[in-house]
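Observations on chain architecture
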Amino acid sequence: LLILLPEALAIALFSSIGFGATVAGFGASEIMDMVGNGAACLCALILALAFVVDVHRRGIVVQIIMALLLAACLVATSALKFIGYPWFSFFVCFGISIALIAHMRVRCFKPSDIAGKRFFESLALSFVLAALIIFGAWMGWQAMADKFWNSATRTSLAETNQDVYNYFYSNSTLTLNYTLHCSESKDAAFLATLGTDNAATVASACKSAETVWFMQWAGPSAIGIGNIIVAAVSWVFSQAAASLQYDESETETHKVKRALKNSTALVVLMLTIMYAAQYVSGANVTISSGLLALGAASVATIVGFMLLEFGFARLNAHAKKDRLAQNLMNMLKSEWMKALMVAGLNIFIPIMALLDRIRQKIRRCTGLPCADGGGKFTAEGQRVVNEMSSWAWCSIFFKVNLVGLLGVSLLMGMKLTYVFFSWLNETLAAANLGFPLLCVMILGVALLMFLCPIVPGSAVYLFAGVVLGAQSQLTGSVGFPLGVAAGVLVSSVCKMIACILQYSMGYGMGKFVKVQQFVGVDKVPTRAMEQILNQRGLKIDKVAILVAGPDWPTSVLCGILRLNVPAMLLGTLPVILVSIIPQVLVGALLTYQDESSSGIMSIISSSVTLAAAVVQALAMFFFTYRIMKVVDEDGEKLAMEREEHRAVAELTRKEQDYVQALKEVSDWKRLSCAQKTTVLLSSFCILVASFIFMADYSVTDKFCFRSFNITSKIGASYLEGGLAGNALNLVIVPMGWVALGLAVTGTTLHVVINKWLACNARSNLVSGASKTDVQAMSPSTIGKSTSSYSAFKDTE
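My aim in this report is to walk through the structure given alongside it, one point at a time. (Residues numbered from 1 in each chain as written. Predicted model: local features only at pLDDT ≥ 70, side-chain atom pairs only at ≥ 80, totals over all residues. Heavy atoms only, no water.)

**Notes on a nonpolar patch on the surface**
Our working definition: Each patch is built from residues that are more than 30% exposed by relative accessible area and take part in no salt bridge. Like charges join if they lie within 9 Å; nonpolar side chains (Val, Leu, Ile, Met, Phe, Trp, Tyr) join within 5 Å. Note on areas: Shrake-Rupley with a 1.4 Å probe; residue coverage comes only from the protein chains shown. One speaks of a salt bridge when a side-chain nitrogen belonging to Lys or Arg is within 4 Å of a carboxyl oxygen belonging to Asp or Glu. Under the DSSP-based scheme used, a helix requires at least four consecutive residues in state H or I and a strand at least two consecutive residues in state E, with every element numbered from the N terminus. Per-residue accessibility, obtained with a 1.4 Å probe over protein chains only, is compared with the maximum for each type, and a residue is labelled buried under 20%, exposed over 50%, and partly exposed between these values.
Side chains of Ile60, Val61, Ile64, Ile65, Leu68 and Leu69 sit close together on the surface and give an oily, nonpolar patch of about 590 Å² of accessible area. As for its position among the elements, isoleucine 65 is in helix 4 (residues 60-80). A relative accessible area of 46% means that isoleucine 65 is categorised as partly exposed.

Structure, rendered in structure tokens:
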């Protein structure tokens, strides 16, 4: 019942089975859009109010009122914003179901009373039943109302959503009509009379409106699929929780270990889905954004349920008894995880601190018992403050900067790659080269792009499909099927050659001890990956690493580790099926010129893109799981010292003096006011820039960078998806340049403060060294000789 009620509300309000068209028409105005923004702000205020008044400690009546207010506000917001974000309404109602279940688990079916295995098995069954009911209702509605997906259904949906078309295309002289202006049988001659810009505006409006009414028709199926996914996750949780039924047992540590492995596997799976979202972003931004949102929401939900079900104290206690649990807890407590938390929460950290102080004052005024002795913060808030006050904030801020710069670099690299490929596509098309010569040209360009670390292999495959797919359809050319086959062949040959070149780069870099230290050849995870890659034949975990791992880092690491080249190439061959064929096919379909089947080709393209993302995510999940398993089983053997890595261990030992000195001068309490200001400014600039980049990537209406893909033309107008003849127009004024300026400023400040602290660390070391040691010491700190550092200890 808790599952079906919110989902039935979503279907009734936002799908074609209910009043989806009416709700969309109601929100089809600028005024309603502004009201929706106000409703979203009201939802945030209600959440803040629930936090500061300790709604969970109030009476049941107060809790019900607050819950109803928040639910009503969320539903109203999703209804008012349905035009711009048609998927959000179903996401909200689905989230309400999850929230109700979590509340029932805490209040009514407590972990101490109801075994986790029983609860999650029942939950999985409930979600499956809900999915079957929703799928049955959806299919029954299609059969009874004759609403199967066909031309008549599309026309009917478009007619009932005429207000949506009017909203997206407001022109006093032309009323947008689906049949005449948007369908497969549209009046092309009439559209040609509108001019290039007006025709592009009409096409954009048609696409936006079609997204709205397609979500109305397909919304129930999306909810059903979501139920199936949650059912699968619940079943995994039931298997993990089954191990926690024994409170006092010799095998409890082993059981908790298995529970941790299953839960961590789910988190890893969702993280790989988020990576796969970036992997396919060049082919379909909508699918990419959806996968990114799914992964982020799922990670937060799974971690929350894991802590609720297992308890942090219990996990921490068993971490002392098991290597895997200890590694996982160390990972959760590492500075990198703290940096990710700070980067993710950013502005919400001071907001939560302010709200906690307000909550403390309200507790005193309303007479709620306080167990904190009357401090500024509540007992819960004070524990968080005490924990965070012990953090190495300078180091954490540096890692926040690196995380932000990595995200900015990937997004910018992706966009610049598409601009370059678009220009190259136009240049090659204008050169009118023969098809064989064109294949050779693409092979050379693709090899150069593969040697760039930030260029994803998917972009190269997509480019090959676009160029050869388009050229193959010209009069007198080889034809579309052979064009796709040629794209696959060229991409496959290019991938194999690129692997050898990248391997050679890694082999050369691997001769330097500092490079070996950087990649962690003496660390257990790297050695576990090496053990997997050294297996003979096409072992599935070995193939998963070579196929699903990032292109440049994976092959370079193979070179550093001195792996067998033929074995590496053999293990890489399945990439042809997993990645090359799907991406080349998607790129070729983007140029397909048969108007009569364009709709079918669009569906095929989206399906292939989604399938490629799923396979990529599953492969990454599998090899991550296998690395964890090898670490668990062979961790002690892998941690043993090796003769070939003695130089790395010696370098690490020699650098200990400098590392300790740098740690001391980086202590937040010892930093000067100017140094603290520089650190905070660098992180602020990079975080704001990253937020702008990610927000622009996620929303439909771009405000930072214009939408541009490989098939776009730089010389086309903005309305046609081009850049008006100037590649710099990719950046939207002013927000785009503001974001880039903040990123550059933050990077500059990051370098300055790093050099500043490095100079301080060297000065502290020099003060304790002899003159001879000072002359021998290299002025560099990172990536260069540090042989003199050990001398400081000897002369003390």
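**A short note on the nonpolar core**
Test applied: Only buried residues count toward a nonpolar core. Its members are Ala, Val, Leu, Ile, Met, Phe, Trp, Tyr and Cys residues joined through side-chain atoms within 4.5 Å. Note on definitions: a residue-residue contact is assigned when non-hydrogen atoms from the two residues lie within 4.5 Å.
Ranked by internal contacts, the top residues of the largest apolar core, which has 90 residues, are Phe421, Ile442, Phe463, Leu468, Ile627, Phe693 and Phe705. In terms of residue count, the dominant contributor to this core is helix 22 (residues 480-509) (ten residues). With sequence-adjacent residues up to four places away left out, leucine 468 is seen in contact with Phe435, Leu438, Cys439, Ile442, Gly483, Ala486, Gly487 and Val490. One finds Phe14, Trp141, Ala209 and Ala218 within the second-largest nonpolar core, a separate group that totals 37 residues.

**A look at the environment of leucine 45**
Take leucine 45: it is sitting in helix 3 (residues 30-52). Between the C-alpha atom of leucine 45 and that of leucine 70, which follows or precedes it by 25 residues, the distance is 9.5 Å.

**Focus: the state of the cysteines**
Quick reminder of the rule: The rule for a disulfide is simple: a pair of cysteine sulfur atoms within 2.5 Å.
Tallied over the entire structure, the rule returns one disulfide. Distance from the sulfur of cysteine 41, which forms no disulfide, to the nearest cysteine sulfur (cysteine 43) is 9.1 Å.

**Quick notes on the side chain of glutamine 216**
Structurally, glutamine 216 is set in helix 11 (residues 196-241). Beyond its immediate chain neighbours, meaning those up to four positions away, glutamine 216 contacts Phe14, Ser15, Ser16, Gly20, Ala21, Ala24, Phe82 and Asn161.

**Details of helix 19 (residues 393-431)**
What counts, and what does not: To estimate the expected span of a helix, count its residues, drop one, and scale the result by 1.5 Å.
Look at helix 19: 56 Å from first C-alpha to last across 39 residues, which is about the 57 Å you get at 1.5 Å a residue. Phi turns positive one or two residues past the end of helix 19, at asparagine 432, with a value near 55 degrees.

**Comments concerning helix 24 (residues 524-533)**
Summarising burial for helix 24: eight of the ten residues are buried, a large majority. Buried within helix 24 we find Val524, Thr526, Arg527, Ala528, Met529, Glu530, Ile532 and Leu533.

**As for a positive patch on the surface**
Definition in use: Counted as positive: Lys and Arg. Counted as negative: Asp and Glu. His and the chain ends are not counted at all. Charge positions come from single atoms, namely NZ of Lys, CZ of Arg, CG of Asp or CD of Glu.
A surface patch of like charges, here positive, comprises Arg357, Lys361, Arg364 and Lys376. Looking at the element boundaries, arginine 364 is found in helix 17 (residues 348-366). With relative accessibility at 43%, the residue arginine 364 sits in the partly exposed group.

**Brief notes about the packing of helix 22 against helix 28 (residues 575-589)**
Let me state the cut-off plainly: For helices, the axis comes from a line fit to the C-alpha atoms of the stretch in contact; other axes are also lines fit to C-alpha atoms, and the angle between any two N-to-C directions lies between 0 and 180 degrees. Oblique is the label for any angle not covered by the other classes, which are roughly parallel (under 35 degrees), roughly antiparallel (over 145) and roughly perpendicular (65 to 115). A clockwise turn of the near helix away from the far one marks a right-handed crossing, whereas an anticlockwise turn of less than a right angle marks a left-handed crossing. Residue polarity is assigned by list, with Asp, Glu, Lys and Arg as charged and Ala, Val, Leu, Ile, Met, Phe, Trp, Tyr, Cys and Pro as nonpolar; anything else, Gly included, falls into the polar class.
Relative orientation of the contacting elements helix 22 and helix 28 amounts to 135 degrees, with a least axis distance of 9 Å. What the angle tells us is that helix 22 and helix 28 run oblique. Helix 22 and helix 28 meet at a crossing whose hand is right-handed. Residues Phe480, Val484, Gly487, Val488, Ser491, Ser492, Lys495 and Met496 of helix 22 pack against Val575, Ile576, Ile580, Ile581, Val584, Leu585, Ala588 and Leu589 of helix 28. Along the lines of polarity and charge, the residues of the contact of helix 22 with helix 28 split into twelve nonpolar, three polar and one charged.

**Things to note about unusual backbone geometry**
The residue after valine 733, namely proline 734, is reached through a cis peptide bond having omega 0 degrees. As for its position among the elements, proline 734 is in the loop between helix 32 (673-698) and helix 33 (735-766). A positive phi is found at aspartate 146, a non-glycine position, where the angle reads about 55 degrees. Structurally, the position occupied by aspartate 146 is in the loop between helix 6 (116-145) and helix 7 (151-160). Even without being a glycine, alanine 724 presents a positive backbone phi close to 55 degrees. As for its placement among the helices and strands, alanine 724 is situated in the loop between helix 32 and helix 33.

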